[in-house]
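A look at the structure
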2 protein chains.
Amino acid sequence: MGRQPSSKPTSFDIAYLAGVSQPTVSRALRGSRSVSLATRQRIEAIARELNYSVDKNASSLRSQRSNTIALLFFEDPTPDESNINPFFLSMLGSITRQCAARGLDLLISFQKMEDDWHVRYQDSHRADGLILLGYGDYTLYKSRLEQLVGHGTHFVRWGSVDEGNIGATVGSDNVGAGRLAGDHLLELGRRRIAFLGHADEHYPEFADRYQGLCAAMLAQGIAPEPALQVDALTAEDAGHAAAQALIARGVAFDAIFAASDLIAIGAMRALAEAGLNVPHDVAIVGFDDIPAASLTSPPLTTIMQDMKGAGELLVDAVLAQVEERPLPRTTLPARLVVRRSSAG
Amino acid sequence: MGRQPSSKPTSFDIAYLAGVSQPTVSRALRGSRSVSLATRQRIEAIARELNYSVDKNASSLRSQRSNTIALLFFEDPTPDESNINPFFLSMLGSITRQCAARGLDLLISFQKMEDDWHVRYQDSHRADGLILLGYGDYTLYKSRLEQLVGHGTHFVRWGSVDEGNIGATVGSDNVGAGRLAGDHLLELGRRRIAFLGHADEHYPEFADRYQGLCAAMLAQGIAPEPALQVDALTAEDAGHAAAQALIARGVAFDAIFAASDLIAIGAMRALAEAGLNVPHDVAIVGFDDIPAASLTSPPLTTIMQDMKGAGELLVDAVLAQVEERPLPRTTLPARLVVRRSSAG
DNA sequence: GGACAGAAGGCATACGTATACGCATAATAT
DNA sequence: ATATTATGCGTATACGTATGCCTTCTGTCC
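In what follows, the accompanying structure is described. (Residues numbered from 1 in each chain as written. Chains lettered and ligands numbered in written order. Predicted model: local features only at pLDDT ≥ 70, side-chain atom pairs only at ≥ 80, totals over all residues. Heavy atoms only, no water.)

Quick notes on the interface of chain B and chain A
Opposite the 44 residues of chain B that make contact, chain A presents 44 residues. Carbon and sulfur atoms supply 53% of the area that chain B and chain A bury against each other, a total of about 4300 Å² over both sides. The tally of links from chain B across to chain A stands at 6 salt bridges. For Arg126 of chain A, the salt bridge goes to Asp105 of chain B, with nearest N and O atoms at 2.8 Å. Seen at the junction of chain B and chain A, the total is 9 residue pairs in polar contact (both at pLDDT 80 or more). Elements supplying a minimum of two residues to the side of chain B that touches chain A: α4 (56–63), α5 (86–101), β2 (105–111), α6 (117–122) and α12 (307–322) of chain B. Take the side of chain B that touches chain A: its biggest share by element is 7 residues, from α5 of chain B. For the side of chain B that touches chain A, the class distribution of residues is 17 nonpolar, 15 polar and 12 charged. (Contact = heavy atoms within 4.5 Å. Buried area = accessible area lost by both parts, 1.4 Å probe. Salt bridge = Lys/Arg side-chain N within 4 Å of Asp/Glu carboxyl O. Polar contact = N/O pair within 3.5 Å; in protein donor to acceptor, adjacent residues only side chain to side chain. Helix = DSSP H or I, 4+ residues; strand = E, 2+ residues; numbered from the N terminus. Nonpolar A, V, L, I, M, F, W, Y, C, P; charged D, E, K, R; others polar.)

Here it is as structure tokens:
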């Protein structure tokens, strides 16, 4: 098996050995029907023998298709060095698998929303399309998204699905999920349910979750109280602070629906400090089902999003644009996972 | 700013507008010193104006350098869909940042060790080099690594640093870290310290940690007992099972050093089930300092590896090979993080 | 038996950039 | 004033593949 460390073999080398022309090699390896079975098998055998692989740069240059997708993470306002939001990591796992299944390469990078990340991916042919991931102020997003659309760049964003969105968006059914959480808490007999998380147009996903909660309450004839909503971004600290603020307001509450698990975990810490027992005094429901959610004490009831479906849908939505197909459904159902933080 | 959605601008377009030749544009944008300052600035201005970016495929094809690094994760034997080992995620964060700082693209993918992943990256010019990450049976690794070396592929592996390794390796000082853990537990007066984790040549990192622990004990005149070592791979379940096995053996122990935090967390669950109190009956030290480590009750004492340094070193080691520099230091110190699981 | 269609593959070329080389002009040396 | 060198840039070309178009051959049908 002495493979001489000569220069890498090219399709010309294969062609010579197979007694055909270079284009035939290219066609054979791409499975073109205009190459006879016999020829193709001969070529494939030789290619394998030489350990040949198609030069990705040449191939992409010629075909103007990189078969690569870029995944951009936008960090939370608190970019704590190598601390990544666990939810997005789970998403990453799902996306990589989906890309692998389709033979796509996946490029990943972390960005600050306010940087000029869009330029790098605009015409460089690095990737055929982008997947944008990350909570973040949507109003900041907008101008960047408009530029992408203007340039004809293919992209999908994970977020709140809404008609008015710029570009393609895929996301969980946040309203429905909020309703699930609300119904669950109401069934437990809780009536004064607080919401920890932003609820304005800057964070539409959170706003949707809140809206779902309100819908559930209204269905029981309970009017949502503004005093029971506290702003919070998705971070443990923010959850802690929000719960403290809630307590400080002096309004009664017997349940919390947190816009994310990290917020919920921070809130549980604040409740414990205040001598409040979970779930006895306050039942709590989070969102995301991050790994840590089952490790807290008590373990956290939460909403589990369909990660596998999300990866599939995101990748599919990008490819749909590349291939000029219409893109399919864009909303995914979520599921309630009941644990002890909301036990009877 | 009506940018016509015409075809993407090329270096020829820039050249035409600047009244120079295409090669001059290329040189100017790459900062070659053989272009006058005035010309370069003119070119840069036009390029920015047109929102031009270098075509990555063409550039890579011509220069035979992709300025891309591929990060390959090898999954644990239990590939639980989108559940990724948190430690590697933290590493990912560090590596992406390092790549961004150097203007490198990062390609990532998950692999099963036993697949033919090496072929895809061998001659395809997808990436200039590989970073290999993942616990896994080293004996399985070997044949793949040898093939990579044979092909002249640039790569670095994260793992146990040892003279006999195939190819470049970067890793924490696992022996030293094991010693840290051991010294800490000994200082607390614990004398019967168990180790949960494999300790053979299949998992050299774990073996190193165990060896460090043994060294600490021997320094105090305590002979390590084989009965106090239980095999475990890095997973919560494995830790749970290992601790159960340890208890079932009926040997006395007053401390546990777990080869990873996941193992430690599983072990704590088993201890709780057995009615053993942490840290009163059993002090416990983990390894990795994953986010969940501070959320357990009691919070877990653990060893924190230098993630930032790891990212830097890994990327640097790959580039060193690409640029034919000798590669620098390959071992990183680790730090003990004391929490309540090993309180007095 | 000639026209025609389909199969299989060759020929030429384009994708967009980077670099070896060469050639002026200007600056400096002798 | 001439020989020498550096500066700044143009000319030509190569990187390795994919694809439009054309050719050849075989088989088929009236």
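Side note on the side chain of Gln122 of chain B
Here Gln122 of chain B shows up in helix α6. Beyond its immediate sequence surroundings of up to four residues, Gln122 of chain B is in contact with Asn51 of chain A together with Gln147, Leu148, His151 and Thr153 of chain B.

Quick look at the protein's contact with DNA strand D
Of all residues adjacent to DNA strand D, which total 27 residues, the nearest are Ser26, Tyr52 and Arg62 of chain A together with Thr24 and Thr39 of chain B. The share of sugar and phosphate among atoms of DNA strand D within 4 Å of the protein is 54%. The side chain of Gln22 of chain A places a nitrogen or oxygen atom 3.0 Å from a base nitrogen of DNA strand D. Within the side chain of Tyr52 of chain A, one N or O atom sits 2.4 Å away from a phosphate oxygen of DNA strand D. For the surface near DNA strand D, the elements supplying multiple residues, two or more each, are α1 (11–18), α2 (22–29) and α4 (56–63) of chain A together with α2 (22–29) and α4 of chain B. (Near = heavy atom within 4 Å.)

Considerations on the packing of aromatic side chains
Under the defined criterion, the tally for this structure stands at 14 aromatic pairs over all chains. Between the aromatic rings of Phe74 of chain A and Tyr141 of chain A, the centroid separation amounts to 5.4 Å while the plane-to-plane angle is 70°, which identifies the pairing as edge-to-face. Of this pair, Phe74 of chain A sits in strand β1 (residues 68–74) while Tyr141 of chain A sits in helix α7 (residues 138–151); the two residues are 67 residues apart in sequence, bridging distant segments of the chain. Above the face of the Tyr141 of chain B ring, Arg157 of chain B is positioned so that its terminal group lies 5.2 Å from the ring centre. Here the basic side chain of Arg209 of chain B rests over the ring of Phe287 of chain B, its NZ or CZ set 3.6 Å away from the ring centre. (Phe/Tyr/Trp six-rings, centres within 6.5 Å; stacked < 30°, edge-to-face > 60°. Lys NZ or Arg CZ within 6 Å of the ring centre and 35° of its normal.)

Thoughts on the nonpolar core
Grouped together as the largest cluster of nonpolar side chains are 158 residues, with contacts concentrated most on Ile95, Leu133 and Ile256 of chain A together with Ile95, Leu133 and Ile256 of chain B. Apart from the residues within four sequence positions on either side, Ile256 of chain B is in contact with Leu185, Ala194, Leu196, Leu246, Leu271, Val282, Ala283, Ile284 and Val285 of chain B. Tyr121 and Tyr141 of chain A together with Tyr121 and Phe155 of chain B belong to the second largest nonpolar core, which has 32 residues in total. (Core = buried A, V, L, I, M, F, W, Y, C linked by side-chain atoms within 4.5 Å. Buried < 20%, exposed > 50% of the residue type's maximum accessible area, 1.4 Å probe, protein only.)

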